[in-house]
Amino acid sequence: MSSTTEDAYKGDERESSQDVPDVVGASWSSINTKEDDSEACSVTPQMTLISEEVEAASQSSSWYEDDSGSASTEDHDAGVEKARSGDEDPYADVRERMEELADRDRMNHAFKSHASKEKDISHEPPITFFAAITTYLGYAVLISCGHLRDICANLFRSGRYLRTARSPYPSDDTTKYALLLKSWENFYTRRLYHRIQDCFNRPIASRPGATIEVLERVSADGNKTMSVLGPLGNLKDESDRESYSSGEHYGTVSDGRVTRRCLNLGSYNYLGFADDWNVTCKEEVMGSLSKLPVSCSSSRSEAGTTALHKEVEGIVARFLGKEDCVCLNMGFNTNATTIPTLVGRGDLIISDELNHTSIVNGARSSGAAIRTFGHNDTSHLEDILREGIIMGQPRTRRPWRKILVIVEGIYSMEGEYCDLRNVVRVAKKYGAYVYLDEAHSIGAMGPTGRGCCEYTGVNPADVDVLMGTFTKSFGGMGGYIAGSKDLVNYLRRHSAGSAFHNSLSP
């Protein structure tokens, strides 16, 4: 970004001397994105497994967009082939079809502006009118029956949820205690949620692999309260015991508690590290406990930084092709505490309408003005940027101090890729900063797992702030922010997640 444009966005500087640094430092031009990653990944087993087989490919070719503007798809395919060599392919029977679908997705999501017209790019079909109307009809029936039950309970003074002074719970005496929940919140819990409560909050008794062992629960009051069944002998009825034990998915854990074997569709364990950690990282994790405590009992800015913290930050920075990195102990808080540190009053946040709640919370608490653009609609994004530059701040019309565009690599609720190439193109055109949340894309996208930048062929130097977590692909905990040294040092001093929150467990 030119200095003239940058000054136009910054406007007048804050009176405080501790201003947010320019996150687009000139030092990015000297970053060596082809640095030897085998050294960077030698300590962390998860990262080693991701990159060791593709090291030759990543060293021999650049994985970001070249000067001509075309992505290196040949290098991408070569990296995949080399990563596959040396091991028997478990998907050999469907490999050709998988490659065809992967190529179609890449043309559709990563290279939208260069997609081949000959490709049959299909999109997810919309929800049919019949499915939508029957879903709403089901809710309408439940709500109507719930109100009818409430009317009958009040009329006949009898019901599971009727609060009376004779209740064994003192808080049910409304003459002495105020209602904790009222109106729709209480009605939804009583009449809708409790009917299907056994579908939620299921206690898990296994690792989050492809299948999981779910502890069986029972209820004696129509799902109002749930309790773990425990051993099969807790059932008094012989027919009930026979029904459980003869079930196709019946199982038990080591202490005899009854479980149900279920297909796991709800875990973040994208690469499988969480279900075989005995192989991937048990030795390193248990070995660290002989030297360091489970918790440092302090924030990073005080006594919570160990040699392992500095080591993992260096690994992540080199892995992503950034100058520096700071690691925090929670992915949600990484967004919620970093965004308010980077922007404030006089700044403008432009956020994708489907961004995660952590981004929404961080943006709202920052005090900056917020605009949302249609999901992956870069034309709408450009319109908002142009309007923001022309109109400036409300009332005063002074230029925005800075403009920050926030997107995600993979939108977790929709499972859609970010149109990062066009987002970066538009942001660079108008001199806006780019904040990329790679919580779900790091480790899972790109031939070497470097995330959305690698998958879409975008130079990581063009993304000002790279955020990610260790909880999804790497089977760990915590989050990180990678960027320039000035940016990371500023966050270490001023971000609440680093300055005040307990540091990441060694």
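What counts as what
- Residues numbered from 1 in each chain as written.
- Predicted model: local features only at pLDDT ≥ 70, side-chain atom pairs only at ≥ 80, totals over all residues.
- Heavy atoms only, no water.
- Helix = DSSP H or I, 4+ residues; strand = E, 2+ residues; numbered from the N terminus.
- Contact = heavy atoms within 4.5 Å.
- Areas by Shrake-Rupley, 256 points an atom, 1.4 Å probe, with all protein chains shown as cover.
- Pairing = 2+ DSSP bridges.
- Axes fitted to C-alpha atoms, helices over the stretch in contact; angles between N-to-C directions.
- Salt bridge = Lys/Arg side-chain N within 4 Å of Asp/Glu carboxyl O.
- Buried < 20%, exposed > 50% of the residue type's maximum accessible area, 1.4 Å probe, protein only.
- Patch = residues over 30% accessible without salt bridge, like charges linked within 9 Å, V, L, I, M, F, W, Y side chains within 5 Å.

Novice: Would you mind going over the overall build of the chain with me for this structure?
Specialist: Each helix and strand in the chain was counted, giving 19 helices and 14 strands. Sequence-distant contacts, at least 24 apart, represent 67% of the contacts inside the chain between residues at least 6 apart. In the structure as shown, the chain presents an accessible area of about 27,400 Å², 53% of it carried by carbon and sulfur atoms.

Novice: How should I be thinking about the sheet that holds strand 9 (residues 403–408) in this particular structure?
Specialist: To summarise the sheet geometry, strands pair through backbone hydrogen bonds and adopt either a parallel or an antiparallel arrangement. The sheet built from seven strands is open, its strands ordered 6-14-13-12-9-7-8 with mixed pairing. In the strand order of this sheet, the two ends are held by strand 6 (324–328) and strand 8 (369–373), each with one partner. Going from strand to strand, the sheet's axes swing by 20 degrees on average, the running direction of each strand aside. Relative to strand 14 (residues 479–483), strand 13 (residues 465–469) runs antiparallel, the two sharing four bridges. Looking across to strand 14, one finds that T469 is bridged to G479. Along the sheet, helix 14 (residues 357–366) contacts strand 7 (348–352), strand 8, strand 9 and strand 12 (433–437); its crossing angle with strand 7, the most-contacted strand, is approximately 165 degrees.

Novice: Looking at this model, I keep getting lost on the pattern of salt bridges. Mind explaining?
Specialist: Opposite charge on two side chains makes pairing possible when the charged atoms of those side chains draw close. Scanning the entire structure with this criterion turns up 17 salt bridges. The salt bridge partner of R190 is D150, with a shortest N-O separation of 2.9 Å. Highlighted residues: R190 in helix 8 (residues 183–193) and D150 in helix 7 (residues 129–156), separated in sequence by 40 residues. Assessed through its relative accessible area of 17%, D150 is described here as buried. The salt bridge partner of R300 is E313, with a shortest N-O separation of 2.8 Å. Within this pair, whereas R300 is found in the loop between helix 11 (282–289) and helix 12 (307–320), its partner E313 is found in helix 12, the two being separated by 13 residues in sequence. Residues R300 and E313 agree in their burial class; the two are buried. Within this structure, R300, E313, D324 and R492 form a network of salt bridges that share partners.

Novice: Can you walk me through a nonpolar patch on the surface in this structure?
Specialist: Together, V285, M286, L289 and V294 line one region of the surface with nonpolar side chains, adding up to about 350 Å² of accessible area. Relative to the helices and strands, M286 is located in helix 11. Its relative accessible area of 44% is what places M286 among the partly exposed residues.

Novice: Would you take a moment to explain the sheet that holds strand 4 (residues 250–252) for this structure?
Specialist: Spatially, 1-5-4 is the arrangement adopted by the three strands of the open sheet, whose pairing is antiparallel. A strand with exactly one partner marks an edge of an open sheet, and here the two such strands are strand 1 (211–215) and strand 4. Each adjacent strand pair in this sheet contributes to an overall mean axis angle of 45 degrees, direction not counted. In this sheet, strand 5 (residues 258–263) lies alongside strand 4 in antiparallel orientation, the contact comprising three bridges. By the bridge assignment, Y250 is partnered in strand 5 with R260.

Novice: Could you clarify how one ought to interpret the environment of E248 in this entry?
Specialist: Relative to the helices and strands, E248 resides in the loop between helix 9 (238–245) and strand 4. E248 sits in the exposed class, given a relative accessible area of 70%. Linking E248 and R261, residues 13 residues apart in sequence, is a C-alpha distance of 8.8 Å.

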